[in-house]
Amino acid sequence: MRADRSRLPRIGPDPAFAFPEIVRHTLGNGLQVRTVEHTTVPVVTFVLLVDGGAAGDPRGREGLAAITADMVDEGTGGLTAIDVSDALARLGAVYDADVGADATTFMLMTLSRFAARGATLLADLVTRPALTEPDFSRVRQLRLDRLKQMKDLAPAVAERTFLRLMYGDHPYGHLAIGTADAVGATSRDEVEAFHRRTFRPRAATLVVAGAHTHAELLDIADRAFGAWPDEGGETPLPHAPIGNGARPGARIVIVPREGAAQSEMRIGHLAVARNTPSYHALLVMNAVLGGQFVSRVNMKLREEKGYTYGARTGFDWRRGIAPFYLQASVHTAATADAVRDSLAELDAIRGSRPASSEELELAKASLTRGYPRNFETAQQVARSVAQLALYGLPDTYFEEFVPTVHAVTVDEVSRVAQQYIDPARATTLVVGDHAAVSDPLGALGLGLPQVVPP
Amino acid sequence: MRYDRVVSAALPFAKRTLANGLDVIVHEDHHVPVVAVNIWYHVGSKDERPGSTGFAHLFEHLMFEGSEHHHAGYFQPLQQAGGLVNGSTNTDRTNYWEVVPTSALELALWMESDRMGYLLPAVTSERFETQRDVVLNERRQNYENRPYGMAMMALLAALFPPGHPYHWMTIGDAADLRAMRLEDVHAFFRAYYHPANASLALAGDIDSARAFALAEQYFGDLPAGERPPHVTASASLAREARTMLEDRVEMPRLYMAWHSPAMFDEGDAEMDLVGDLLGSGKTSRLYKTLVYDQRLALDVSAYQNSRELSSFFLLAVTAAPGQSLTDIATVVDSELQRLAEDGPTVAEMERAAAQVESHFLYRLQSVGGFGGKSDQLNAYNVLRGNPAYFAEDLERYRRATPDGVRDTARRVLRFDRRVLLSVVPRGQQALALSGSELVPVA
């Protein structure tokens with residue numbers, strides 16, 4: 001039989017998808033444990049979510065949560081930093097720490113046969129880090145040097161400046177790595193104190209996914225983490241309210257980067273928290289606007305105009321109010337045109353060109369039909385379950401995702417676009433060649449560009 | 001090599017070759033209802049010529065813009081079907097892949113076969129020009145506007161003589177890209193993008209018999225092309241070359257590069273292990289000495305860049321503030337000397353063995369995407385003519401001995417045959433190693 005090239009083949013019915021069962025346990029010390037059986041390959045993944053991230057940095061100590069997480073694999077008990085690295089390598093383990101705004105996540109993947117040893121090592125590191133002065137001073141210096149290097153990296157400069165413009169002095173207003181002044185002022189004692197009050201079993205969730213039974217996974221978790229003492233500590237205070245993030249109007253900000261070949265661009269404003277009931281409608285709206293390759297913004301800026309290698313939009317989700325952003329790196333000469341076209345797209349989806357039913361169907365299909373592939377590996381599964389703990393979502397969340405997205409209507413997409421996308425109060429940030437971009441940006445009618453240092 | 005054989009990692013498959021020369025490889029994995037469709041074309045920037053570089057990579061862009069029977073972008077139908085789509089180009093090969101729900105397998109095969117057989121009617125001058133602009137943006141974003149982004153260009157130019165297929169970057173020369181004509185693009189496609197120069201791998205929730213039948217249905221009637229000639233080239237260094245670049249960077253960085261055994265050749269796996277023991281993790285020799293103990297450096301990397309015609313071993317060290325590249329070079333050289341004389345320790349070999357065993361297993365977790373099972377099967381098929389090479393690949397590492405690693409390091413990492421590149425902050429040429437010649441890059 002030969003292929004019929006007169007039309008594209010039809011898509012068959014969506015294959016059945018079931019998220020593997022999540023079993024909840026609470027250890028004697030209050031640690032929440034979630035186990036998931038995942039038998040594809042004899043591998044096990046541990047994800048430990050500690051409730052406390054960069055937003056928990058005290059003012060003037062921005063970067064404290066991140067340097068604490070960095071110190072976790074610098075030694076424990078009789079093991080030096082070098083010994084820890086050796087122990088991880090001997091388990092063939094992959095280890096990783098990630099500091100978000102609201103939580104810090106530690107991940108360790110190893111072979112099933114090393115599951116118990118891997119769990120014990122992770123528990124030793126996270127619950128009993130050595131935190132010695134020499135290690136601290138070395139790690140702090142490396143972070144200070146890294147901060148210096150980041151000045152050369154246009155995307156990093158843009159990220160840091162954008163957060164500051166969005167949140168000002170609010171705890172969300174800085175990158176996890178912090179600032180040079182704050183990191184330079186941080187002491188080892190402060191790291192120890194931060195660790196003591198933040199790393200507590202009652203404020204953490206351990207997810208274990210791997211090729212064992214639930215009972216075995218729980219037993220491995222309990223033997224490794226059951227003795228982690230819960231030494232009280234205070235519950236972290238909720239963040240100060242951010243308000244609705246409304247700014248009086250639009251503005252343009254330039255961070256000068258002399259002779260830059262490209263302009264690193266961010267456009268956005270504060271929008272909405274992750275736990276909003278409109279979450280799925282926002283995902284669909286964003287898929288139409290800029291969340292995937294065929295979205296409006298990328299098709300306009302990349303495929304139609306050739307201004308950029310790629311452009312996208314999204315929400316930088318948090319427990320508190322998250323920003324909406326559009327990002328692209330554009331040819332210097334096309335900067336003002338790219339900003340104008342971007343703002344026009346943000347405006348259009350709110351009213352003059354709302355999402356059509358065809359666009360809606362495309363967005364929903366791409367979000368739902370491809371959903372199962374997000375859960376292929378034990379690590380994907382474990383990280384997904386940790387997200388449930390981070391945002392307080394039900395265990396049925398993944399099963400309900402597809403039907404919930406399907407239920408989103410055109411009217412809801414228009415409503416969330418009008419409510420949460422607003423170019424009239426957006427901040428446009430350009431990290432680029434000031435001499436080349438300032439006049440054209442000033443001519444956009446959005447006021448004189450403000451210049452801020454990197 | 002002493003090792004603790006922790007797993008029996010295996011990547012089973014079935015292979016058939018269609019009458020037009022297309023290799024089809026199928027691997028069944030029924031855990032998740034998806035299928036990975038992966039195509040390798042044995043064409044990369046090595047098949048280009050000086051003055052017309054950047055073709056293979058530009059193609060990677062054009063291949064998503066439409067084909068004769070679907071005269072529109074490829075992303076829309078595939079994303080609507082829930083597919084994940086991407087491609088990449090390097091010196092040796094170009095790969096394209098989709099990960100689709102089982103319900104959309106035929107769609108992916110239809111589209112891959114249409115652009116293999118019927119691309120050119122859709123490559124209009126308008127699409128060509130837009131994608132050329134996108135590539136020029138990609139070049140600025142990923143190389144020109146990125147710290148140390150031009151270093152690789154300078155290293156390749158110094159390692160490989162003009163005319164050698166690895167002399168230029170895969171992204172291409174900006175002037176070549178601007179000068180490229182549509183008819184050159186068409187000629188390049190006819191030479192390299194056809195069944196006899198391609199390999200199709202399907203991995204995932206599919207029955208092998210049905211997979212072969214579908215491959216025949218969609219690809220079987222595409223005309224066989226002429227298998228392109230195998231590119232050969234050789235390169236060697238006769239001395240130590242010292243070069244320098246000025247860049248928008250805060251800290252100077254030292255690169256050292258050597259020619260090394262080609263991918264899968266004798267000594268390639270050993271150099272891979274050398275890379276790990278010099279630069280991977282805090283226990284590695286250069287990290288421990290330069291970053292941990294002496295604090296001369298901020299970071300260290302060392303790896304064997306395995307390629308089809310000829311590999312190179314690349315080492316990079318970023319200086320800590322106020323530290324000199326000269327001091328760093330002295331420490332690196334003494335570590336290289338020690339390795340060449342004494343070889344690795346038993347502990348280092350055990351650690352490396354544990355890492356190798358586990359990482360071969362981790363590679364079996366995903367059916368699709370870059371480095372997934374479908375991609376590995378195609379790599380082994382295209383570069384070794386044998387999709388079953390997974391097991392032999394692992395054996396290469398298991399066979400490595402401390403003496404073998406030492407001897408290979410001694411043979412490759414010679415002080416009198418290497419390229420030293422200092423990348424220094426603008427206006428601070430004095431920070432480069434002495435005797436370094438400033439190289440222009442575009």
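Conventions used here
Residues numbered from 1 in each chain as written. Chains lettered and ligands numbered in written order. Predicted model: local features only at pLDDT ≥ 70, side-chain atom pairs only at ≥ 80, totals over all residues. Heavy atoms only, no water. Helix = DSSP H or I, 4+ residues; strand = E, 2+ residues; numbered from the N terminus. Contact = heavy atoms within 4.5 Å. Buried area = accessible area lost by both parts, 1.4 Å probe. Salt bridge = Lys/Arg side-chain N within 4 Å of Asp/Glu carboxyl O. Nonpolar A, V, L, I, M, F, W, Y, C, P; charged D, E, K, R; others polar. Buried < 20%, exposed > 50% of the residue type's maximum accessible area, 1.4 Å probe, protein only. Arc of directions from axis to C-beta. Core = buried A, V, L, I, M, F, W, Y, C linked by side-chain atoms within 4.5 Å. Domains from an automatic or database assignment. Polar contact = N/O pair within 3.5 Å; in protein donor to acceptor, adjacent residues only side chain to side chain.

Observations concerning the side chain of serine 112 of chain A
Thought 1: With respect to the helices and strands, the residue serine 112 of chain A is situated in the loop between β7 (104-111) and α3 (115-127).
Thought 2: With sequence-adjacent residues up to four places away left out, serine 112 of chain A is seen in contact with Pro42, Val43, Val44, Ala211 and His212 of chain A.

Section: the interface of chain A and chain B
Thought 1: Contact with chain A, which involves 78 residues of that partner, is made by 83 residues of chain B.
Thought 2: A combined buried area of about 6800 Å² lies between chain A and chain B, and 57% of that area is made up of carbon and sulfur atoms.
Thought 3: Three residues stand out in chain A for area buried against chain B, namely Arg5, Tyr309 and Arg373 of chain A, and they jointly supply 12% of the buried area on that side.
Thought 4: At the boundary of chain A with chain B, the tally comes to six salt bridges.
Thought 5: Where arginine 2 of chain A meets glutamate 216 of chain B, a salt bridge forms, and the shortest distance between an N and an O atom there is 3.8 Å.
Thought 6: At the level of secondary structure, the elements contributing two or more residues to the side of chain A that touches chain B comprise α2 (81-90), β7, α4 (133-150), α10 (296-304), β11 (308-315), β12 (321-331) and α12 (357-369) of chain A.
Thought 7: The element that contributes the greatest number of residues to the side of chain A that touches chain B is α4 of chain A, accounting for eight residues.
Thought 8: Residues of the side of chain A that touches chain B, tallied by class, amount to 35 nonpolar, 17 polar and 26 charged.

Description of helix α14 (residues 397-406) of chain A
All names here are of chain A.
Thought 1: For α14, the full list of buried residues reads Tyr397, Phe398, Phe401, Val402 and Val405. For α14, the arc enclosing every buried residue in end-on projection is 145°, short of the 170-degree limit, so these residues lie on one face.
Thought 2: Taken together, the buried residues of α14 touch α9 (279-289), α12 and α13 (378-391).

Some details on the nonpolar core
Thought 1: Formed by 206 residues in total, the largest nonpolar core has its most connected members in Leu48, Phe106, Phe225 and Met285 of chain A together with Leu290 and Leu315 of chain B.
Thought 2: Those residues in contact with methionine 285 of chain A that lie beyond four places of it in its chain are Phe315, Ile349, Val413, Val416, Ala417 and Ile421 of chain A.
Thought 3: Ala81, Tyr218, Leu298 and Ala316 of chain B belong to the second-largest nonpolar core, a separate cluster that totals 88 residues.

Some words on unusual backbone geometry
With the exception of glycine, most residues fall at negative phi, and the peptide bonds are largely trans.
Thought 1: Its identity as a non-glycine residue notwithstanding, leucine 131 of chain A has a phi of 50°, on the positive side.
Thought 2: The class for leucine 131 of chain A is buried, based on a relative accessible area of 6%.
Thought 3: Phi at arginine 295 of chain B takes a positive value of approximately 55°, unusual for a residue other than glycine.
Thought 4: Secondary-structure assignment places arginine 295 of chain B in the loop between α10 (285-293) and β9 (297-305).
Thought 5: The partly exposed category is assigned to arginine 295 of chain B, whose relative accessible area is 35%.

Thoughts on the domain arrangement of chain A
Size of an interface: often given as the accessible area lost when the parts come together.
Residue and element names in this part refer to chain A.
Thought 1: Split by domain assignment, chain A resolves into domain 1 (23-225) and domain 2 (251-451).
Thought 2: With centres defined by C-alpha atoms, the gap from domain 1 to domain 2 works out at 29 Å.
Thought 3: On the side of domain 2, 37 residues touch domain 1, which itself brings 34 residues to the contact.
Thought 4: Here domain 1 and domain 2 share an interface that buries about 2800 Å² over both sides, 66% of which is from carbon and sulfur atoms.
Thought 5: Its largest share of buried area at the contact with domain 2, domain 1 owes to Phe162, Leu165 and Met166, together 20% of the area lost on that side.
Thought 6: Run the count over domain 1 and domain 2 and you get four salt bridges.
Thought 7: Salt-bridge contacts for arginine 24 lead to aspartate 395; the nearest nitrogen and oxygen are separated by 2.7 Å.
Thought 8: Where domain 1 packs against domain 2, one counts ten residue pairs in polar contact (both at pLDDT 80 or more).
Thought 9: When residues of the side of domain 1 that touches domain 2 are traced back to their parent elements, those giving at least two are β2 (32-37), β3 (43-50), β7, α5 (154-167) and β8 (204-210).
Thought 10: Here the side of domain 1 that touches domain 2 takes eleven residues from α5, the largest share from any one element.
Thought 11: In the side of domain 1 that touches domain 2, the residues fall into 20 nonpolar, six polar and eight charged.

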